[in-house]
2 protein chains.
Amino acid sequence: MNTYTIAEVSAKFGLPISTLRYYEEIGLLPNVARDGKNRLYNQDNLDRLAAICCFKDTGMTLKELQTLFQYEDQDHDLNEVVDLLQTHCRRVEDQLVLLKENQRHIRRKLQYYTDIRDAQLNHQPHPDWNDYPLSKF
Amino acid sequence: MNTYTIAEVSAKFGLPISTLRYYEEIGLLPNVARDGKNRLYNQDNLDRLAAICCFKDTGMTLKELQTLFQYEDQDHDLNEVVDLLQTHCRRVEDQLVLLKENQRHIRRKLQYYTDIRDAQLNHQPHPDWNDYPLSKF
DNA sequence: TCTTTACCTCAAGTATACTTGAGGTGCTAG
DNA sequence: CTAGCACCTCAAGTATACTTGAGGTAAAGA
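Residues numbered from 1 in each chain as written. Chains lettered and ligands numbered in written order. Predicted model: local features only at pLDDT ≥ 70, side-chain atom pairs only at ≥ 80, totals over all residues. Heavy atoms only, no water.

In the annotation of an unreviewed UniProt entry, chain A is listed under the name Transcriptional regulator, MerR family and assigned to Lentilactobacillus kisonensis DSM 19906 = JCM 15041.

And the structure:
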């Protein structure tokens, strides 16, 4: 089976080496094999790491991730795993809605300042914020 | 003009009172009027606070927000404001893409564990992870 | 043989974003 | 008049998620 050095994994995932060691230390990324003292990551480790990144990037704390993996690993009551995942799914849904709305606000502001700048360049009158309704974005 | 107490603003935005004071202290939320010692927020303050929340929720740090507002407030070179907003817009776009992809992974995992649970309940054979391609989510 | 490179451990330090606590003011309801 | 509430300041404390540093090993290239 293919294995990877810590430097390779670091590059693959864009995570600092120190972070990989940290995740292992707190038990999030267990069962990393060794060649002497040096870590050797296998596909399982990479899959786990991908899951960590996915959940972390969607707003789970490392503590919650520890709980989730604990539930997954020791074949714990599956209802708890499903519950946790469902809750998180809903959180992600909410994030998506909020993110899209925030995106509209930011685009609107960008458009406004871009127009002000262009108006200044062309010695035109300044645009009016009231002409930038959210419905346009 | 309508004004609001700190408790009202806290409720409106779902932010702790301590956070409102903190934002003011670090200069993010300036020009809050006082009735004696007590803060009174006006519409401008609320607009600024809404902007803070919007940018913060899309991943800007408070330091970056300070820079942005500095650029906006002292009518600084507008190119810098536009640049900052453009960069942030791109970051939000990236977040959206990543969030959607992560959502697919999470839904897939949720479906998988739901199916395992249901299989256990019905004494059916366990599903196979390979039957859960990302393309289905 | 030297030294550079790539790792290692373990303890302590750091950045960000708040939160908490001590001690105090000023209005209002009983 | 006094109790309680809503607010205040300022300094110190905290949670999360890492990062850094000191001191060391082991193998590979010059």
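Having seen the structure, we can now continue with the description.
A.B. asks: Before we go on, may I ask you to explain the protein's contact with DNA strand C in this structure?
C.D. replies: Not every one of the 16 residues close to DNA strand C is listed here, only the nearest: Arg21(A), Arg39(A), Ser18(B), Thr19(B) and Tyr23(B). Backbone atoms, meaning sugar and phosphate, make up 85% of the atoms of DNA strand C lying within 4 Å of the protein. Between Thr19(B) and DNA strand C, the recorded distance is 2.6 Å, taken from a side-chain N or O atom to a phosphate oxygen. Tyr23(B) is positioned such that a nitrogen or oxygen atom in its side chain is 2.8 Å from a phosphate oxygen of DNA strand C. Among the secondary structure elements, those contributing two or more residues to the surface near DNA strand C are helix H1 (6–13) and strand E2 (38–40) of chain A together with helix H2 (17–25) of chain B. Of the residues contributing to the surface near DNA strand C, the split by class is six nonpolar, five polar and five charged. (Near = heavy atom within 4 Å. Polar contact = N/O pair within 3.5 Å; in protein donor to acceptor, adjacent residues only side chain to side chain. Helix = DSSP H or I, 4+ residues; strand = E, 2+ residues; numbered from the N terminus. Nonpolar A, V, L, I, M, F, W, Y, C, P; charged D, E, K, R; others polar.)

A.B. asks: Could you clarify how one ought to interpret the relation of the copies chain A and chain B in this entry?
C.D. replies: A rotation about some axis, followed by a shift along it, carries one copy of the chain onto the other. Note on the copies: chain A fits chain B at an RMSD of 0.0 Å, the axial shift is 0.0 Å, and the rotation between them is 180°. Expressed as a symmetry operation, the mapping of one chain copy onto the other fits a two-fold axis. Closest approach to the rotation axis within chain A is made by the C-alpha atom of Leu96(A), at a distance of 3.6 Å. A share of 100% of interface residues in chain A that are also interface residues in chain B marks the association as one of identical surfaces. (Least-squares fit on C-alpha atoms with pLDDT ≥ 70 in both. Contact = heavy atoms within 4.5 Å.)

A.B. asks: How should the protein's contact with DNA strand D be read in this particular structure?
C.D. replies: Around DNA strand D there are 17 residues in total, and Ser18(A), Thr19(A), Tyr23(A), Arg21(B) and Arg39(B) lie nearest to it. Counting only the atoms of DNA strand D within 4 Å of the protein, the fraction contributed by sugar and phosphate is 83%. Take Ser18(A): an N or O atom from its side chain is 2.8 Å from a phosphate oxygen of DNA strand D. Contacts to DNA strand D include Thr19(A), whose side-chain N or O atom sits 2.6 Å from a phosphate oxygen.

A.B. asks: What exactly am I supposed to notice about the packing of helix H3 (residues 43–57) of chain B against helix H4 (residues 62–73) of chain B here?
C.D. replies: Geometry of a packed helix pair, given as the angle between the helix axes and the separation of the axes. Residue and element names in this part refer to chain B. Contact geometry of H3 with H4 gives a least axis separation of 10 Å together with a crossing angle of 135°. Between H3 and H4, the angle falls in the class oblique. Crossing hand, H3 versus H4: right-handed. Contacts between H3 and H4 involve Arg48, Ala51, Ile52, Phe55 and Lys56 on the former and, on the latter, Leu62, Leu65, Leu68, Phe69 and Asp73. Counted by class, the contact of H3 with H4 contains seven nonpolar, no polar and three charged residues. (Axes fitted to C-alpha atoms, helices over the stretch in contact; angles between N-to-C directions. Parallel < 35°, antiparallel > 145°, perpendicular 65-115°, else oblique. Left-handed = near helix turned anticlockwise from the far one by under 90°.)

A.B. asks: Would you take a moment to explain the interface of chain A and chain B for this structure?
C.D. replies: Every contact between the two is made by 33 residues of chain A and, on the other side, 33 residues of chain B. Of the roughly 3200 Å² buried where chain A meets chain B, counting both sides, 74% is carbon and sulfur surface. There are four salt bridges connecting chain A and chain B. A salt bridge links Glu72(A) to Lys109(B), with the shortest nitrogen-to-oxygen separation between them at 3.6 Å. (Buried area = accessible area lost by both parts, 1.4 Å probe. Salt bridge = Lys/Arg side-chain N within 4 Å of Asp/Glu carboxyl O.)

A.B. asks: What should I look at first to understand the state of the cysteines in this one?
C.D. replies: Between two cysteines, a covalent bond joining their sulfur atoms is known as a disulfide. Within the structure shown, the criterion is met by zero disulfides over all chains. Cys53(A) provides the cysteine sulfur closest to Cys54(A), a residue in no disulfide bond, and the two sulfurs are 8.7 Å apart. (Disulfide = S-S within 2.5 Å.)

A.B. asks: I would appreciate a short explanation of the side chain of Lys109(B) in the present structure.
C.D. replies: Position of Lys109(B) relative to the elements: it lies in helix H5 (residues 78–121). Excluding its chain neighbours within four sequence positions, the residues that come into contact with Lys109(B) are Ala51(A), Phe55(A), Glu72(A), Leu85(A) and Trp129(B).

A.B. asks: Is there a simple way to think about the environment of Leu96(B) in this case?
C.D. replies: Looking at the secondary structure, you find Leu96(B) in helix H5. Along the chain, Leu96(B) and Ala50(B) lie 46 residues apart, while their C-alpha atoms are 20 Å from each other. Not counting the four nearest positions on each side in its chain, Leu96(B) is found in contact with Leu96(A), Leu99(A), Lys100(A) and Gln103(A).

A.B. asks: Is there a simple way to explain the packing of aromatic side chains in this structure?
C.D. replies: Two descriptors summarise a pair of aromatic rings, namely the distance from one centre to the other and the angle between the planes of the rings. For the coordinates displayed, the defined rule picks out ten aromatic pairs over all chains. Note on Tyr22(A) and Tyr23(A): the rings are 6.1 Å apart at their centroids and 45° apart in plane angle, and the pair reads as tilted. The class of Tyr22(A) is partly exposed, set by a relative accessible area of 40%. In this structure an aromatic cluster arises from ring pairing among Tyr112(A), Tyr113(A), Trp129(A) and Tyr132(A). Just above the ring of Tyr132(A) sits the side chain of Lys136(A); from NZ or CZ to the centre is 5.6 Å. One cation-aromatic arrangement involves Arg48(B) over Phe69(B); the distance from NZ or CZ to the ring centre is 3.8 Å. (Phe/Tyr/Trp six-rings, centres within 6.5 Å; stacked < 30°, edge-to-face > 60°. Buried < 20%, exposed > 50% of the residue type's maximum accessible area, 1.4 Å probe, protein only. Lys NZ or Arg CZ within 6 Å of the ring centre and 35° of its normal.)

A.B. asks: Would you mind showing me how to read the packing of helix H5 (residues 78–121) of chain A against H3(B) here?
C.D. replies: Following both chains from N to C, one finds H5(A) and H3(B) inclined at 120°, their axes separated by 9 Å at the closest point. Handedness of the H5(A)/H3(B) crossing: left-handed. For the pair H5(A) and H3(B), contact is made by Leu98(A), Asn102(A), His105(A), Ile106(A) and Lys109(A) and by Ala51(B), Cys54(B), Phe55(B) and Asp57(B), respectively. Residue classes in the contact of H5(A) with H3(B) are distributed as five nonpolar, two polar and two charged.

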